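Spelled out, the chains give:
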Amino acid sequence: MKEIYNIAIIGGGPGGIASAVESLIRGIEDVILFEKGEGHSTTIRKFYKDNKRVDKDYKGQKIELNGNIYFCDGTKESTLDLFDKIIQENGVDARFQTEVESVNKEGDYFVIHTTNNLAIKAKFIVISIGKMGQPNKPSYPIPSSIRNIVNFNANSCVDGESILVVGGGNSAVEYACVLSETNPVMLNYRKKEFSRINEINQENLTQCFNTGKITPKLGVDITSLEDDNGKVKVNFTDSTSLVFDRVIYAIGGMAPVDFLRKCGIALDSDGVPLTDENHRSSVDGIYIAGDILYKNGGSIAAALNHGFHIVQEIKERLN
């Protein structure tokens, strides 16, 4: 490991990968990427159900790719394969299972400390850590005896289980629609209408409601969970209670506010880092890429563009 790097990238998702690959393509040497997960794209790998469709124009956002990474509509698997390929082909120096604990400016360099006691210096920092690494959790406690069947993604579901999906966004609707093919599913949302989902998900959900594949429980919140003989008893604000084999929460994710503040980065009232048109944060030399730049999450295509534009500016500053 080198003592000083030109760029240190924190986060191995699309924004971080693009920052690393675009740097190498532009001839920037001494670039390192840190990712706390076992591999790249932890959010996609962990929170996307197998064979989940992955669209370039997420939520209808029409984005023209500006960089050197060709990304198009596909699936969870094809997207991971694409990033596997470009990381390998471009020789990205990626340190997985390495979590960055702090970033401090000392003189002309940033000093990065990791939880496994690495300490390196870098001229520039790119932070591209996703929101879904820290999924939002309900305000009421989850009894320890049922935590294994109260989940925040659909990876552990078993065919035939009765499942309650909680949430009103695209992830909740996608989980419910996919699971309804093999499971009895109820979808609970505290509001009576879904105002944040894209058109395709709205069509699929309407069809599932109309055919009875998904049972709606709308305009009602949850007050508490209980262990009912190894199943989850859900108590609602309308004084009803229902028992499920499994509950899945898809109620969004939080930006890693504590880490960003530790780095001295200014945030708005929603915990979104303040940046200029070049994705430069309030700390000169630290850039932000990916969905932490959005209150409600961004797209893979947007994150790829962030990496490209950030590297363009860093290249000019290095010169």
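Residues numbered from 1 in each chain as written. Predicted model: local features only at pLDDT ≥ 70, side-chain atom pairs only at ≥ 80, totals over all residues. Heavy atoms only, no water.

Below, the discussion takes up the overall build of the protein. The helix and strand inventory of the protein stands at 7 helices and 17 strands. On C-alpha atoms alone, the protein measures out to a radius of gyration of 21 Å, which is about the 20 Å that the 2.2 N^0.38 rule sets for 319 residues. Overall, the C-alpha framework of the protein stretches about 65 × 35 × 30 Å when taken along its three principal axes. Per-residue burial over the protein gives 49% buried out of 319 residues. Within the protein, contacts between residues separated by at least 24 positions form 62% of all contacts whose residues are at least 6 apart in sequence. Carbon together with sulfur atoms contributes 44% to the accessible area of the protein, which is approximately 15100 Å² in total. Counting 35 positive and 42 negative side-chain charges, the protein places the centres of these two groups 3 Å from one another. (Helix = DSSP H or I, 4+ residues; strand = E, 2+ residues; numbered from the N terminus. Rg over C-alpha atoms; globule rule 2.2 N^0.38 Å. Buried < 20%, exposed > 50% of the residue type's maximum accessible area, 1.4 Å probe, protein only. Contact = heavy atoms within 4.5 Å. Areas by Shrake-Rupley, 256 points an atom, 1.4 Å probe, with all protein chains shown as cover. Lys, Arg positive; Asp, Glu negative; His and termini not counted. Charge placed at Lys NZ, Arg CZ, Asp CG, Glu CD.)

The next point concerns the pattern of salt bridges. Using the criterion set out here, one finds 15 salt bridges in the structure. As a salt-bridge pair, Asp30 and Lys2 come within 3.6 Å of each other at their nearest N and O atoms. Taken together, the residues span a long stretch of sequence, with Asp30 in the loop between helix 1 (14-25) and strand 2 (31-35) and Lys2 in the segment before strand 1 (4-10) at a distance of 28 residues. A salt bridge links Glu181 to Lys213; the shortest N-O distance between them is 2.5 Å. (Salt bridge = Lys/Arg side-chain N within 4 Å of Asp/Glu carboxyl O.)

Here we come to the sheet that holds strand 12 (residues 214-218). Read from one edge to the other, the open sheet built from 5 strands follows the order 9-16-10-11-12, with strand pairing classed as parallel. Of all the strands in the sheet, just strand 9 (150-151) and strand 12 have a single pairing partner and so form its edges. Where strand 9 and strand 16 (residues 246-249) come together, 2 bridges link them in parallel fashion. Bridged to Val150 within strand 16 is Val247. Helix 5 (residues 199-211) contacts strand 11 (185-189) and strand 12 of the sheet and is inclined by roughly 105° relative to strand 12. (Pairing = 2+ DSSP bridges. Axes fitted to C-alpha atoms, helices over the stretch in contact; angles between N-to-C directions.)

What follows covers unusual backbone geometry. Phi at Ser41 is positive, roughly 55°, even though this residue is not glycine. Turning to its location among the elements, Ser41 is positioned in the loop between strand 2 and helix 2 (42-47). For Ser41, a relative accessible area of 2% translates into the label buried. Even without being glycine, Gln97 reaches a positive phi, approximately 50°.

As a further point, take the sheet that holds strand 13 (residues 222-228). The antiparallel open sheet is built from 3 strands, whose spatial order is 13-14-15. The open sheet terminates on both sides in strands that have one partner only, identified here as strand 13 and strand 15 (241-244). Averaged over all neighbouring strand pairs, the angle between strand axes comes to 25°, with direction disregarded. As paired strands, strand 14 (residues 231-236) and strand 15 are joined by 4 bridges and run antiparallel to one another. If you follow Asn235 over to strand 15, its bridge partner there is Ser241.

The values reported here are purely geometric and, on their own, carry no functional implication.
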